[in-house]
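Listed below are the residues making up each chain.
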Amino acid sequence: PHEFEPSAAQVAMLNEADLVVANGLGFEVGLTDALDAAASDGVTVLELGEALDPLPLAEDDGEDPHWFTDPLRMAAAAGLVATAAESVEGLDPTVVAEQAASHASAIEAADAEIAADLETIPEDQRQMVTNHEVFGYFADRYGFEVVGTIIPSGTTLAEPSSSELADLVAVIEETGVPAVFADTSSSADLADVLAEETGEEIAVVELFSESLGEEGSGAETYLELIRTNADRIMGALA
């Protein structure tokens, strides 16, 4: 997502839209100019992150754009989209509001189940090392601590230095975390190298963070994605 660049046809599609929904908080780096141009042309552009109580990035200045790893924020986002869609010609605002409420309720129910399941992980084992700063909202929601990130940034466009990797190896050895969590949307090579550097049996576990999965992946929908991620985290840390 951080690296996506729109084609001319996609930019034209944005400019012709009745409503554009964006993640916001700098997440869509390659779309910034196109979104700004669409807004200047009078298109309604809804950037969700700014309205969802954003958290600061641990390593960078600015706010964390990965709010969607917190299901409760995702449920709130459904309502924001429904409200914005009320002015779109041809849509029945009542139906849209009902659908949004139904979707939000399903997310909230899944969140409650996941929270109960994750509570079974002992407090001293609720530490995570991730590929980059993507699970801060997840950690905040469910009482985890992100003790280190391979890429100390909110975007996969950055690269870690050798000293930063060495510091992270030391953190892993000190905390004894049993797993490194990588992203399905980016290469796990660095995570694999880091696991090897520790000289310990460190599992590299892929989580769905910035994209849904293909058919059969267990993450074809958002509800399936959060359930699969929770199961994989439990399997690695419990």
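Residues numbered from 1 in each chain as written. Predicted model: local features only at pLDDT ≥ 70, side-chain atom pairs only at ≥ 80, totals over all residues. Heavy atoms only, no water.

### A word on the overall build of the protein chain
Note the threshold: Only DSSP runs of H or I covering at least 4 residues are called helices, and only runs of E covering at least 2 are called strands; the numbering of each starts at the N terminus. Based on C-alpha atoms, the radius of gyration is set beside the globule rule, defined as 2.2 Å times the residue count to the power 0.38. Relative accessibility under 20% of the residue-type maximum defines a buried residue, over 50% an exposed one, and the middle range a partly exposed one, all with a 1.4 Å probe and only protein chains included. By definition in these notes, contact holds between two residues if any of their heavy atoms fall within 4.5 Å. Areas reported here follow the Shrake-Rupley algorithm with a probe of radius 1.4 Å; residue values treat only the protein chains shown as occluding.
When helices and strands are counted, the protein chain shows eight helices and six strands. In sequence order, the secondary structure elements of the protein chain are arranged as α-β-α-β-α-α-β-α-β-α-β-α-β-α. For the protein chain, whose C-alpha radius of gyration is 19 Å, the value lies close to the compact-globule estimate of 18 Å for 238 residues. In terms of principal-axis extent, the alpha carbons of the protein chain reach across some 60 × 35 × 35 Å. Within the protein chain, buried positions represent 44% of all 238 residues. In the protein chain, of all internal contacts separated by at least 6 residues, the share reaching a separation of at least 24 is 63%. As displayed, the protein chain has an accessible area near 11800 Å², and 50% of this comes from carbon and sulfur atoms.

### Here we look at the packing of aromatic side chains
Note on aromatic pairs: each is described by the distance of the centres and the angle between the planes. Selection criterion: Each Phe, Tyr or Trp ring, with Trp reduced to its six-membered ring, pairs with another whose centre is within 6.5 Å; inter-plane angles below 30 degrees give stacked pairs, above 60 give edge-to-face pairs, and intermediate values give tilted ones.
Applying the stated criterion across every chain yields a total of five aromatic pairs. Consider the rings of Phe-27 and Phe-68, whose centres lie 5.5 Å apart with planes at 75°: the pair is edge-to-face. Here Phe-27 is found in the loop between β1 (19-22) and α2 (32-40), whereas its partner Phe-68 is found in the loop between β2 (44-47) and α3 (71-85), with 41 residues between them in sequence. A residue is classified by how much of its surface remains accessible, and Phe-68, at 11% relative accessible area, is buried. Ring geometry for Phe-138 and Phe-144: centres 5.4 Å apart, planes at 45°, overall tilted. Judged by relative accessible area, which is 8%, Phe-144 ranks as buried.

### Here we look at the environment of Gly-235
Residue position: Gly-235 is located in helix α8 (residues 222-237). Judged by relative accessible area, Gly-235 falls into the exposed class, the value being 63%. For the pair Gly-235 and Ala-17, spaced 218 residues apart in the sequence, the C-alpha separation amounts to 43 Å.

### Re the environment of Leu-80
Structurally, the position occupied by Leu-80 is in helix α3. Classification of Leu-80 as partly exposed rests on a relative accessible area of 29%. Once you skip the residues sitting within four places of it in the chain, Leu-80 turns out to touch Leu-46, Leu-48, Ala-51 and Leu-52.

### Considerations on the nonpolar core
Here is the rule: Residues enter a nonpolar core if they are buried and are Ala, Val, Leu, Ile, Met, Phe, Trp, Tyr or Cys, with the set joined through side-chain atoms within 4.5 Å.
Counting 28 residues, the largest nonpolar core has Met-128, Phe-138, Phe-144, Phe-181, Ile-233 and Leu-237 as its most contacted members. For this core, the elements supplying multiple residues, two or more each, are α4 (93-118), α5 (136-142), β5 (179-183), β6 (203-207) and α8. Looking at this core, the element that brings in the most residues is α8, giving seven residues. Beyond its immediate sequence surroundings of up to four residues, Phe-144 is in contact with Leu-118, Ile-121, Arg-126, Gln-127, Met-128, Phe-138, Ala-139, Ile-233 and Leu-237.

### Points about the pairing of β5
Quick note on the threshold: What makes two strands pair is DSSP finding at least two bridges between them.
Counting buried positions along β5 gives five out of five residues, so the element sits mostly inside the fold. The alternating pattern of β5 places Ala-179, Phe-181 and Asp-183 on one face and Val-180 and Ala-182 on the opposite face, and all of these are buried. Pairing of β5 with β6 involves five bridges; the strand directions are parallel. Each bridged residue has a counterpart across the sheet, and for Ala-182 the counterpart in β6 is Glu-206.

### A few points about a negative patch on the surface
Our working definition: Patch membership needs two things, relative accessible area over 30% and no salt bridge, and members are linked within 9 Å if like-charged or within 5 Å if nonpolar (Val, Leu, Ile, Met, Phe, Trp, Tyr). When a carboxyl oxygen of Asp or Glu lies within 4 Å of a side-chain nitrogen of Lys or Arg, that pair is called a salt bridge. Under this rule, positive means Lys or Arg and negative means Asp or Glu; His and the chain ends count for nothing. The atom standing in for a charge is NZ when the residue is Lys, CZ when it is Arg, CG when it is Asp and CD when it is Glu.
A contiguous patch of negative charge on the surface is contributed by Asp-189, Asp-192, Glu-196, Glu-197 and Glu-206. Of all the elements, helix α7 (residues 189-198) adds the most residues to the negative patch, at four residues. With respect to the helices, strands and loops of the structure, Glu-196 is situated in helix α7. Residue classification places Glu-196 among the exposed positions, given a relative accessible area of 64%.

### Observations concerning the side chain of Thr-69
Condition: Any pair of nitrogen or oxygen atoms within 3.5 Å is treated as a polar contact; in protein, a donor-acceptor pairing is required on top of that, and neighbouring residues in sequence qualify only through side-chain atoms on both sides.
Relative to the helices and strands, Thr-69 resides in the loop between β2 and α3. Look at Thr-69 and you get buried, because its relative accessible area is 8%. Of note is the side chain of Thr-69, whose polar atom sits 3.1 Å from the backbone oxygen of His-66. At 3.2 Å, the side chain of Thr-69 and the backbone nitrogen of Phe-138 are in polar contact. Every residue in contact with Thr-69, bar those within four places of it in the chain, is listed here: Val-134, Phe-135, Tyr-137 and Phe-138.

### Side note on the packing of helix α1 (residues 8-15) against α2
If you want to describe how two helices pack, look at the angle between their axes and the distance between the axes. As a reminder, the rule being used: Each axis is a line fitted through C-alpha atoms, and for a helix only the stretch in contact is used; angles between axes span 0 to 180 degrees, taken between their N-to-C directions. Two helices crossing with the near one rotated counterclockwise from the far one by less than a right angle form a left-handed crossing, whereas a clockwise rotation gives a right-handed crossing. In this classification, the charged set is Asp, Glu, Lys and Arg, the nonpolar set is Ala, Val, Leu, Ile, Met, Phe, Trp, Tyr, Cys and Pro, and all remaining amino acids, among them Gly, are polar.
In contact at an axis separation of 9 Å, α1 and α2 are set at 35° when each is read in the N-to-C sense. For the pair α1 and α2, the sense of crossing is right-handed. On α2, the residues touching Val-11, Leu-14 and Asn-15 of α1 are Ala-34, Ala-37 and Ala-38. By residue class, the composition of the contact of α1 with α2 is five nonpolar, one polar and no charged.

Read these as layout, nothing more, since geometry by itself doesn't imply function.
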